[in-house]
2 protein chains.
Amino acid sequence: MPPLKYSKQREAIKSFLACRLDHPTADTIYSALREEYPNLSLGTVYRNLSLLSDLGEITKITTGEGPDRFDGNTSRHHHFICTCCHQVNDLDMENIDFIMETASKNFDGHIDSYFVNFYGICKNCLEKKQ
Amino acid sequence: MPPLKYSKQREAIKSFLACRLDHPTADTIYSALREEYPNLSLGTVYRNLSLLSDLGEITKITTGEGPDRFDGNTSRHHHFICTCCHQVNDLDMENIDFIMETASKNFDGHIDSYFVNFYGICKNCLEKKQ
DNA sequence: TATCATATTGATAATTGTTACTATTATTAA
DNA sequence: TTAATAATAGTAACAATTATCAATATGATA
């Protein structure tokens, strides 16, 4: 792949993600950054998100419901998706990377990564329901 | 929700999935069933897949690459997705449901399910590469 | 068995999320 | 300061999925 050139749009996307604890969609990022860059294009956001994700500088989260989300925190962690409000939260949990070993036991191929999503009802929605 | 009425299309989709070990997409199911039901509609396939999935009679697999896939085997198991040929395989592995407990420890909401996908290179692709 | 209410369908249009294209602009090395 | 090319904005195209709606099939009831 060709050498990277600087782009303020890409930097803006990266630093927007870096200081967010939620996990915005491409469209959320686009809308937010358009305030500072009024003629930012949605294509540019998608292009850079997939580039940054390929470079390992951000992570793509596919939830199975709605659009993909993106995470500026690339350290190993997993996510909880509320089936009620659809918010995505980081989970602060022990390392479970050993499940790759467990999965490898009766398997012929080579496993080198995994994604886990946990589903349920978040605290907020639990409180609202009663 | 209103009471279900029988439909041969829905039964066909269910039994098609029941006797397949791979994990076909909506479109694959549609193409295959059109041989027996030439005027089956793709919308009918999608409608029934999401209905059956809501009823828990089949499972939807979101891989993060390409369209969703569907699994007639609803017993607890996980999947391996080859990042080379994109095939989806069942993994025969020990139960790891306890990771829901692990995840619940520092979390306030209520976790009631989880999905894990494992990624890597399958046996076939490994052999082809060398 | 005929009738009725309604769940389901096929056909198609609409929507959503994402990627591709292209002329123009920005970046970087010489 | 020029030249090569990566990146952009704007827009069109695309793929996957959902919605709409008139016609049909199902199943309960008379």
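Residues numbered from 1 in each chain as written. Chains lettered and ligands numbered in written order. Predicted model: local features only at pLDDT ≥ 70, side-chain atom pairs only at ≥ 80, totals over all residues. Heavy atoms only, no water.

(A) Here's a closer look at the overall build of chain A. Check the secondary structure of chain A and you find five helices and five strands. Ordered by position from the N terminus, the helices and strands of chain A form the series α-α-α-β-β-β-β-α-β-α. With respect to the principal axes defined by its C-alpha atoms, chain A has extents near 50 × 50 × 20 Å. Burial analysis of chain A (130 residues in total) assigns 39% to the buried set. Counting contacts in chain A only where the partners sit at least 6 residues apart, residues at least 24 apart contribute 44% of the total. Of the roughly 7,500 Å² of accessible surface on chain A, 50% is carried by carbon and sulfur atoms. (Helix = DSSP H or I, 4+ residues; strand = E, 2+ residues; numbered from the N terminus. Buried < 20%, exposed > 50% of the residue type's maximum accessible area, 1.4 Å probe, protein only. Contact = heavy atoms within 4.5 Å. Areas by Shrake-Rupley, 256 points an atom, 1.4 Å probe, with all protein chains shown as cover.)

(B) Here's a closer look at the relation of the copies chain A and chain B. Note on the copies: chain A fits chain B at an RMSD of 0.1 Å, the axial shift is 0.0 Å, and the rotation between them is 179°. Taken together, the rotation and translation relating the two chain copies correspond to the operation of a two-fold axis. In terms of C-alpha distance to the rotation axis, chain A has Val116 of chain A as its closest residue, with the C-alpha 2.2 Å off the axis. Most of the interface of chain A is mirrored in chain B, where 100% of its interface residues are also at the interface. (Least-squares fit on C-alpha atoms with pLDDT ≥ 70 in both.)

(C) Structural view of the side chain of His79 of chain A. Residues and elements named next belong to chain A. Checked against the element boundaries, His79 lands in strand E3 (residues 78-82). Here Asp90 takes part through its side chain, which lies 3.1 Å from a polar atom of the side chain of His79. His79 has contacts with His23, Ile61, Asp71, Val88, Asn89, Asp90, Leu91, Val116, Asn117 and Phe118, leaving out every residue within four places of it along the chain. (Polar contact = N/O pair within 3.5 Å; in protein donor to acceptor, adjacent residues only side chain to side chain.)

(D) Quick look at the packing of aromatic side chains. Applying the stated rule across the entire model yields seven aromatic pairs over all chains. Look at Phe115 of chain A and Tyr119 of chain B: their rings are 5.9 Å apart centre to centre, the planes differ by 80°, and that puts the pair in the edge-to-face class. On the criterion of chain membership, the pair formed by Phe115 of chain A in strand E5 (residues 110-121) and Tyr119 of chain B in strand E5 (residues 110-121) is interchain, its members lying in two chains. Given the relative accessible area of 44%, Phe115 of chain A is considered partly exposed. (Phe/Tyr/Trp six-rings, centres within 6.5 Å; stacked < 30°, edge-to-face > 60°.)

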